[in-house]
Amino acid sequence: MNIEEKYISVEQALSYVKSGDVIVTGLGSAEAGAFMGQLHTIADRVKDVTVTNCLPTHPSEIYKPEYRNSFLVDGWFYAPALRKAHSNGNMSFIPNHLHLAATKRLYHVKPNIYVGAATLPDKHGYVSLSLSNTYEKRMIEAADLVILEVNPNMPYTFGDVQLPVSDVDYMIKVDYKPPVMPDAPFSEKDAIIGKYIADMVPDGSCIQLGIGGIPNAVAEALKTKNDLGIHTEMLTTGMMKLAKLGVINGKCKQYEKGKIVTTFAMGEPELYEFMDYNPAIAIMDGAWTNDPYVIARNDNQVSINTTLEVDLTGQCASESLGSKQFSGTGGQADTAIGAQMSKNGKSIIALYSTAMVKGPDGEKHEVSKIVPQLMPGAAVSLSRNDVDRVVTEYGVAELRGTNIRERVERLIAIAHPKFRDELKAQAREIGIVYDR
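Bear in mind the structure is a predicted one, so any value in this text is a computation, not a measurement.

**Q** Please set out the sheet that holds strand β3 (residues 71-75) residue by residue, giving values where relevant.
**A** Strand order across the open sheet formed by seven strands is β4-β3-β2-β1-β5-β7-β10, with parallel pairing between neighbours. Single-partner strands in this sheet number two, and they are β4 (91-93) and β10 (170-173). Averaged over all pairs of adjacent strands, the angle between their axes in this sheet comes to 20°, without regard to strand direction. As paired elements, strand β5 (residues 113-118) and strand β7 (residues 145-150) share six bridges and run parallel to each other. Directly across from A118, in β7, lies its bridge partner V150.

As structure tokens, this is what we get:
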């Protein structure tokens, strides 16, 4: 079959879906937008079709309650659409560390169909999977049927993302813009935290950074640094801006010197333009990129992540609010452990000292995010065995190698001042520490 014979319509692609199928689509901006946008149109003829996704970005009707008998949704990382639809009863989270997400899922179930985004075929008969290879190639190899939405707007990227068209069963020509993740503005509180973190990043470090107000503030504070490298799970707009300024050049990396190594990318259109045919960027298999032993190969690796709540022993609940799934573990443990295995490496977890939470009276009250015990049902994303440094707007708590008493003291010291006495009393009350 030549390339032209592989092109089909979205409707034809949907005709291959049957009841009981397991479909996997790409992560984030690599999701198959046209396919997902029309999947609900076959609801009247299928039942119990499982759609496995991760951080979905395209709108899809299948998340509505009226389609719950036709479609089940399994997510490696919840996005707002999945959080909202979880109560429908057909959504479920897949616990995972990112570097094992694909291999553990394939141990459990094999996909019938992979459908995701890609570039148009090049003159050599290859497409690029463009914005992610977190699990995509492994699912493509395992799937019975491979369908790609080939799109002239997707950046052509290098690394482990090239795929010969001969490995693709069908292609759908589409022409939508890849989903954008706008740069989150950062507050004065974010800037204070960002400065604390930047002070712990020496020149020549290799960094991993996420998204949101705090990471964006960190990126801003890193503009005064020199010769940084990148080995990260996610490539962001903030990192791209640092690369354009020359702050990031990778010259001090021991491995993949000069390369920006990542497993997926999401951000502003400027990021996608920067990535297009850029030989400095290598998008690699998530099982390799996020392997702690691979991360540790570069000296001075600094992992920077955020969390929702930290208890006084150092446990980090980064993905759930009590038993309510909010996001996912992603690569937090992968990168935190890998960074600490790195020579002179550091793992940093950041959070605000407080949050405004609606109480039983319906009014919002300020609560401490450093707590004696995690909220009942909370998932521990980073265990206390693996936590290193915790940062709030009140300072840095270095926990690596410390005992529980030392952790209690250091974490209370970076809690909001108005909660510190209460936290000390609670720590004694529940028996974490005792007075001598």
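**Q** Account for the pairing of strand β2 (residues 49-53), naming residues and giving values.
**A** For β2, the tally of buried residues reaches five of five residues, placing the bulk of the element in the interior. On β2, burial covers both faces: V49, V51 and N53 on one face and T50 and T52 on the other are all buried. As paired strands, strand β1 (residues 22-25) and β2 are joined by three bridges and run parallel to one another. Of the residues in β2, the one forming a bridge with V22 is T50. Handedness of the crossover joining β1 and β2 through helix α2 (residues 33-38): right-handed. Taken together, the five bridges between β2 and β3 define a ladder with parallel strand orientation. Note that in β3 the partner of N53 across the bridge is G75.

**Q** Residue-level account of the sheet that holds strand β16 (residues 281-283), with values.
**A** The pairing of strands in a sheet comes from backbone hydrogen bonds and takes either a parallel or an antiparallel form. Read across the sheet, nine strands follow the order β8-β16-β14-β12-β11-β17-β22-β26-β27 without closing on themselves; strand pairing throughout is mixed. Of all the strands in the sheet, the pair left with one neighbour each is β8 (158-159) and β27 (395-398). Pairing of strand β12 (residues 229-231) with strand β14 (residues 260-262) involves two bridges; the strand directions are parallel. Pairing of H231 across the sheet is with V261, part of β14. The strands touched by helix α6 (residues 188-198) within the sheet are β17 (301-306), β22 (346-350), β26 (389-392) and β27, with β26 carrying the most contacts at an inclination of about 150°.

**Q** Could you give an account of unusual backbone geometry, naming the residues involved and the relevant values?
**A** Positive phi is not limited to glycine here, since D48 has a value of about 55°. Among the residues examined, D48 registers a relative accessible area of 35% and is labelled partly exposed. Notably, S130 is not glycine yet its phi reads approximately 70°, a positive angle. Tracing the sequence through the fold places S130 in the loop between β6 (126-128) and α5 (136-142).

**Q** Just give me the short version of helix α7 (residues 213-221), but keep the residues and values in it.
**A** Most of α7 sits out of view: eight of its nine residues are buried. The complete set of buried residues in α7 reads G213, I214, P215, N216, A217, V218, A219 and A221. Along its buried surface, α7 packs onto α6, α8 (237-245), β17 and β22.

**Q** Can you tell me about helix α4 (residues 101-108), naming the residues and giving the values?
**A** Listed as buried for α4 are A101, A102 and R105. Down the axis of α4, the buried set is contained in an arc of 90°. They therefore lie on one face. Exposed side of α4, more than 90 degrees from the buried face: K104 and Y107 are the residues found there. Considering only its buried residues, α4 is in contact with β2, β3 and α5.

**Q** Describe in detail the nonpolar core, supporting the description with residues and values.
**A** With 100 residues, the main nonpolar core has F35, L39, F71, L148, I197 and M275 as its most contacted residues. Beyond its immediate sequence surroundings of up to four residues, F35 is in contact with V10, A13, L14, V17, I23, V115 and E149.

Thresholds applied
Residues numbered from 1 in each chain as written. Predicted model: local features only at pLDDT ≥ 70, side-chain atom pairs only at ≥ 80, totals over all residues. Heavy atoms only, no water. Pairing = 2+ DSSP bridges. Helix = DSSP H or I, 4+ residues; strand = E, 2+ residues; numbered from the N terminus. Axes fitted to C-alpha atoms, helices over the stretch in contact; angles between N-to-C directions. Buried < 20%, exposed > 50% of the residue type's maximum accessible area, 1.4 Å probe, protein only. Right-handed = clockwise from strand over helix to strand, strands pointing away. Contact = heavy atoms within 4.5 Å. Arc of directions from axis to C-beta. Core = buried A, V, L, I, M, F, W, Y, C linked by side-chain atoms within 4.5 Å.

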